[in-house]
Amino acid sequence: MQKKPRPALEPPSYLLESVDNALRLVQMLRDVGAIRLKEAAQELAIAPSTAHRLLAMLVYRGFAVQDERRLYHPGPAMGAGPAQRGWTREFTDVCTPHLETLSLVCGETVNLVIRVGTQVRFLTSAESTAMLRVGDRKGQVLPAERTAGGRALLAELDDALIARLYTGLAPDELAKFATELAGIRAAGFALNVEQTEEGVAAFGAAVHNRSGRAIGAISVAVPIIRYKRHTHGGLVKQLRRAVHEIEVDLGDRFDGVDA
């Protein structure tokens, strides 16, 4: 029996142009895979500034991610981004037991992040059971330079790539940032003291594959009232031990990852 064809779709009478443009951008990302700001503006016949605002909202909501070349790619909210498929799923599975163990040992919330351009995406969290704790951050997208895990990952990059990623920084600001990242490399861990959220600090360290390339980072988020206690306690040592154990468990499974 032949099925009756679906009726033709027509735009709703209450069509909102801004919503329609945002959805058309989602369709472009889905079908093309990578678009530039100029291409988006031309396709939608809108000003580049308007396209930029729409794309920025898609990035904020996880429907798009932007890389070092300023190309926009499908984000994890569409099931096509780095946090939802491919190597990151297996990476998360390997790391999760270690995050949970570290959370129990230190009594704080532990996060797993990856870097996407100048942003970090929180793949998962092992939330502390303490009464006063930092909550689950899974799915959040934050500027890499403001987070402990992001700073640990940026410290793994050479100065030339940092300069390409942060073209908006003045020469003196870029030099200062490069010095900060060099300090993180020397220390082996990074700090974030109320840079992303008032009342919250974090310690972060990069996780490497067997080839020595940083493919992610773990961070321990703590209420600011416990920050000084952790700086003088064993948290950094516990963090480093967790990273080492994760790297042992990773084996050679992620040697081909170019994160």
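Residues numbered from 1 in each chain as written. Predicted model: local features only at pLDDT ≥ 70, side-chain atom pairs only at ≥ 80, totals over all residues. Heavy atoms only, no water.

**Comments concerning the pairing of strand 7 (residues 200–208)**
The test is simple: For every residue, the accessible area obtained with a 1.4 Å probe (protein chains only) is divided by the maximum for its type, and the residue is called buried under 20%, exposed over 50%, and partly exposed between those limits. Helix numbering and strand numbering both begin at the N terminus, where a helix is a DSSP run of H or I of at least 4 residues and a strand a DSSP run of E of at least 2. Strand pairing follows a simple DSSP-based rule, namely that at least 2 bridges must link the two strands.
Burial analysis of strand 7 places 9 of its 9 residues in the buried class, the great majority of the element. Pairing of strand 6 (residues 190–193) with strand 7 involves 4 bridges; the strand directions are antiparallel. Bridge pairing in strand 7 places N192 opposite A202. Between strand 6 and the antiparallel strand that follows it, strand 7, lie 6 residues; E194 among them carries a positive phi value of about 60°. Alignment of strand 7 against strand 8 (residues 214–223), held across 9 bridges, turns out to be antiparallel. Bridging across to strand 8, A205 finds its partner in I218. Two successive antiparallel strands, strand 7 and strand 8, enclose a turn made up of 5 residues, where G212 displays a positive phi of approximately 90°.

**Topic: helix 9 (residues 235–250)**
We count it as follows: An expected span of 1.5 Å times one less than the residue number is assigned to each helix. The arc in question is traced by the directions running from the helix axis to the C-beta atoms.
Relative to the 22 Å expected for 16 residues at 1.5 Å per residue, helix 9 spans 22 Å between its end C-alpha atoms, a close match to the ideal helical length. Restricting attention to buried positions, one finds in helix 9 the residues L235, V236, L239, A242, V243, I246 and L250. Looking straight down helix 9, one finds its buried side chains confined to an arc of 120°; they lie on one side. Of the exposed residues in helix 9, those oriented more than 90 degrees away from the buried face are K237 and V248. Directly after helix 9, the chain includes G251, whose backbone phi takes a positive value near 60°.

**Section: the nonpolar core**
A general feature of soluble globular proteins is that nonpolar side chains tend to end up buried together. Worth spelling out the cut-off: Take the buried Ala, Val, Leu, Ile, Met, Phe, Trp, Tyr and Cys residues and link them wherever side-chain atoms come within 4.5 Å; each set so joined is a nonpolar core.
Membership of the largest hydrophobic core comes to 31 residues, with the highest contact counts inside it found for F91, L102, I218, V220 and L250. For this core, the elements supplying multiple residues, two or more each, are helix 4 (87–106), strand 3 (109–116), strand 4 (119–126), strand 7, strand 8 and helix 9. With 7 residues, the top contributor of residues to this core is helix 9. If you look at the next biggest cluster of nonpolar residues, it comprises 21 residues, including V120, A152, L154 and A155.

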